[in-house]
Amino acid sequence: MLRIKYKGLFISIEGTDGCGKSTQIPLIKEYMEGAGHNVVVMREPGGTAISEKIRSILLDTGNTAMSTKTEILLYAAARAQIMEEKIIPALKEGKTVICDRFVDSSYAYQGFGRDSDLEEIIRINKFATSGVMPNITFFMDISPKVALKRRMAAAATDRIENEGMDFQVHVHAGFHALAKRFPERIKVIDATQDVNSVFSKIKEYIILLGGQKS
Ligand code: TYD
């Protein structure tokens, strides 16, 4: 069953770098608004003044000495701040929150990508989020090689993106493992399809969730 704790719907969208999340998010937003939802979009890490400062430390290509534990805790810290400051209040007000990345990014990037203790990361994030989880999570599934081609078109890369193809492959496998572990929440979306087909699939899940009010 769905873990609906607040009035608002909580949707997160995940995937390896270059999976097309940023194309789908405005479409989901527009669709939900059309169905009568008051929608806010957030991105992780970031979304508050403090979280954006943490983001700049995390993505700074100069921070090559950052330990995995520091990385895990900084992502969790940025998340704790956006939860308390923005996400929980919005959900309490009955708003629909669409979050560009959430805990599953930490599970996949730090847990699988960095080969760090997943159960510990889950515990740390439970503390950071007060256990508030998305009603549904879309994993935009695309092979990291295809995603890399898409990313080549974009100019600058950040510290995490500077990790090699092996890292992306582990992260991608990690998202699949997570989708198997949390099948009720995480839905795998074939992100190799054209924009409209991808969106149709997402829409089907939103309708099933009862996100279509009219
Ligand atoms: P961002 O520019 O937001 O990337 P994208 O557009 O791909 O979402 O940068 C976020 C980077 O941080 C991205 O490479 C994924 C990584 N990340 C983690 O490693 N762990 C996390 O918990 C989160 C939220 C992001």
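Model, not experiment: these values are computed from the prediction.

S.K.: Even after reading the chapter, I still don't get the overall build of the protein, so can you show me in this structure?
M.R.: A count of helices and strands for the protein gives eight helices and five strands. Scanning the protein from its N terminus toward the C terminus, one meets helices and strands in the order β-α-β-α-α-β-α-α-β-α-α-β-α. For a compact globule of 214 residues, the expected C-alpha radius of gyration is about 17 Å, and the protein comes in at 16 Å, within 12% of that figure. The dimensions of the protein, computed from C-alpha atoms along their principal axes, are 50 × 35 × 30 Å. Within the protein, the proportion of its 214 residues that are buried is 50%. Of the contacts made within the protein by residues no fewer than 6 positions apart, 81% connect residues no fewer than 24 positions apart. Surface summary for the protein: the accessible area is close to 10300 Å², and the carbon and sulfur share equals 55%. If you average the places of the 29 positive and of the 26 negative side-chain charges in the protein, the two averages end up 4 Å apart.

S.K.: Can you walk me through the site of the ligand in this structure?
M.R.: The environment of the ligand is formed by 15 residues, the closest being Lys 21, Tyr 75, Arg 101, Ser 106 and Gln 110. A distance of 2.7 Å separates an oxygen atom of the ligand from a polar atom in the side chain of Arg 101. If the ligand stood free it would expose 540 Å²; the protein chains cover 88% of that surface. When contributions to the shell around the ligand are tallied by element, the ones reaching two or more residues are helix H2 (49-59), helix H3 (68-92) and helix H4 (103-113). Ranked by residue count, the leading element in the shell around the ligand is H4, at four residues. Taken together, the residues of the shell around the ligand sort by class into five nonpolar, three polar and seven charged.

S.K.: Help me understand the packing of helix H1 (residues 21-34) against helix H8 (residues 195-209) in this model?
M.R.: In a packed pair of helices, the relevant descriptors are the angle between the two axes and the axis-to-axis distance. At their nearest, the axes of H1 and H8 sit 10 Å apart, and the two run at 45° to each other. On the basis of their axis angle, the class for H1 and H8 is oblique. In this structure, the crossing between H1 and H8 has a hand that is right-handed. Together, Thr 23, Gln 24, Leu 27, Ile 28, Tyr 31 and Met 32 of H1 and Val 195, Val 198, Phe 199, Ile 202, Lys 203, Ile 206 and Ile 207 of H8 make up the contact between the two elements. When grouped by side-chain class, the residues that make up the contact of H1 with H8 number 10 nonpolar, two polar and one charged.

Cut-offs and rules
- Residues numbered from 1 in each chain as written.
- Predicted model: local features only at pLDDT ≥ 70, side-chain atom pairs only at ≥ 80, totals over all residues.
- Heavy atoms only, no water.
- Helix = DSSP H or I, 4+ residues; strand = E, 2+ residues; numbered from the N terminus.
- Rg over C-alpha atoms; globule rule 2.2 N^0.38 Å.
- Buried < 20%, exposed > 50% of the residue type's maximum accessible area, 1.4 Å probe, protein only.
- Contact = heavy atoms within 4.5 Å.
- Areas by Shrake-Rupley, 256 points an atom, 1.4 Å probe, with all protein chains shown as cover.
- Lys, Arg positive; Asp, Glu negative; His and termini not counted.
- Charge placed at Lys NZ, Arg CZ, Asp CG, Glu CD.
- Near = heavy atom within 4 Å.
- Polar contact = N/O pair within 3.5 Å; in protein donor to acceptor, adjacent residues only side chain to side chain.
- Nonpolar A, V, L, I, M, F, W, Y, C, P; charged D, E, K, R; others polar.
- Axes fitted to C-alpha atoms, helices over the stretch in contact; angles between N-to-C directions.
- Parallel < 35°, antiparallel > 145°, perpendicular 65-115°, else oblique.
- Left-handed = near helix turned anticlockwise from the far one by under 90°.

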